[in-house]
Amino acid sequence: MSPSPPIFTATSAYSLGFVTAVGIVAYIAAKKLLPKDAPWQDRVTFIWLAFDGIIHYTLEGSFVYYSMFGRQVITSSGPMAQMWKEYALADSRWGTADPTIVSLELLTVFGVGTMCFYVLKQLVQRDPARHYWIVVLSTSEIYGGWMTFCPEWLTGSPSLDTSNFLFLWVYLVFMNIIWVFVPLWLMYDSYGHIAKSLRLYQASASAKKN
């Protein structure tokens, strides 16, 4: 009986290494570009959106490239294709240019990815209008996650492989759930700023009338 192939491979290692490197770049960018007196909430928001935007443009952008005009990840080559082949072991839809996934990724790369960098610009400039775009961006992220997995769950999850810790808890759970909890926190934070500003404006307008 031949031994089972290893679950954690060199591709697993450099895939996780790539994601970690993007996080380090995002952290360094926050240190360099944000004002020194920026509150911690703005620093966390900057790091997340820089990480988010880079991931959307590079990793997910490569998926869109490999999945358009008759191409598929499973028949493509190159470092990015290898990373997607690795993820496709946990969710096979990412290897076969599933039309729902590709449609969501087109919106994510060109819409959400672009918004990430626009909000980063607003953060550096301390533009309070960023809070509106943060809510729009975060809503898009949560909707994208829901539409990625809900149809799969409703059909019995035929494309998901949850047979081992790496596929289930690292690739399917951790690598997706952070795009739920962080956007929820961003929406909560921005709601506080928007609501506070509107209440102050309402109070000021009422005082002027009186």
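Reading the values: rules and limits
- Residues numbered from 1 in each chain as written.
- Predicted model: local features only at pLDDT ≥ 70, side-chain atom pairs only at ≥ 80, totals over all residues.
- Heavy atoms only, no water.
- 1 Å grid on protein atoms, 1.4 Å probe; cavity = no way out; pocket = protein on both sides within 12 Å on 5 of 7 lines; lining within 4 Å.
- Points joined across faces, edges and corners; volume = space filled by probe spheres on them.
- Helix = DSSP H or I, 4+ residues; strand = E, 2+ residues; numbered from the N terminus.
- Buried < 20%, exposed > 50% of the residue type's maximum accessible area, 1.4 Å probe, protein only.
- Contact = heavy atoms within 4.5 Å.
- Core = buried A, V, L, I, M, F, W, Y, C linked by side-chain atoms within 4.5 Å.
- Phe/Tyr/Trp six-rings, centres within 6.5 Å; stacked < 30°, edge-to-face > 60°.
- Lys NZ or Arg CZ within 6 Å of the ring centre and 35° of its normal.

J.: Let's hear about the layout of surface pockets: which residues, and what values?
T.: For the largest pocket, the calculated volume is near 880 Å³. Lining the largest pocket we find 40 residues, and of these Tyr87, Phe149, Met175, Asn176 and Trp179 sit closest to its centre. Looking at the lining of the largest pocket, the elements with two or more residues in it are α1 (10-33), α2 (40-66), α3 (79-88), α4 (99-125), α5 (130-154) and α6 (165-209). Among the elements that line the lining of the largest pocket, the one with the most residues is α5, at ten residues.

J.: So, the side chain of Ser67: which residues are in play, and what are the values?
T.: Assignment of secondary structure puts Ser67 in the loop between α2 and α3. Given a relative accessible area of 8%, Ser67 falls into the buried group. Among all residues touching Ser67, those that are not within four sequence positions of it are Val73, Ala97 and Val102.

J.: How would you sum up the nonpolar core? Please name residues and give values.
T.: Membership of the largest hydrophobic core comes to 44 residues, with the highest contact counts inside it found for Leu49 and Phe51. The set of elements that each furnish at least two residues to this core consists of α1, α2, α3, α4, α5 and α6.

J.: Give a description of unusual backbone geometry that names residues and reports values.
T.: The phi angle at Ala97 is positive, at roughly 55°, despite the residue not being glycine. Topologically, Ala97 is positioned in the loop between α3 and α4. On the accessibility criterion, Ala97 (18% relative accessible area) is buried. Despite not being glycine, Arg126 shows a phi value in the positive range, around 60°. Following the sequence through the fold, Arg126 ends up in the loop between α4 and α5. By relative accessible area, Arg126 is classed as partly exposed at 45%.

J.: If you had to explain the packing of aromatic side chains to someone new, which residues and values would you point to?
T.: Aromatic rings considered in pairs are described by the distance between their centres and by the relative angle of their planes. Scanning the entire structure with this criterion turns up 16 aromatic pairs. Taking the centre distance of 5.8 Å and the plane angle of 40° together, the rings of Trp48 and Phe51 count as tilted. Of this pair, Trp48 and Phe51 both sit in helix α2, separated by three residues, roughly a single helical turn. By the burial criterion, Trp48 is buried, and Phe51 matches it. Taken together, the ring pairs in this structure connect Phe63, Trp84, Tyr87, Trp94, Phe167 and Tyr171 into an aromatic cluster. The ring of Phe149 has Arg93 sitting right over it, with the charged end atom 5.9 Å from the ring centre.

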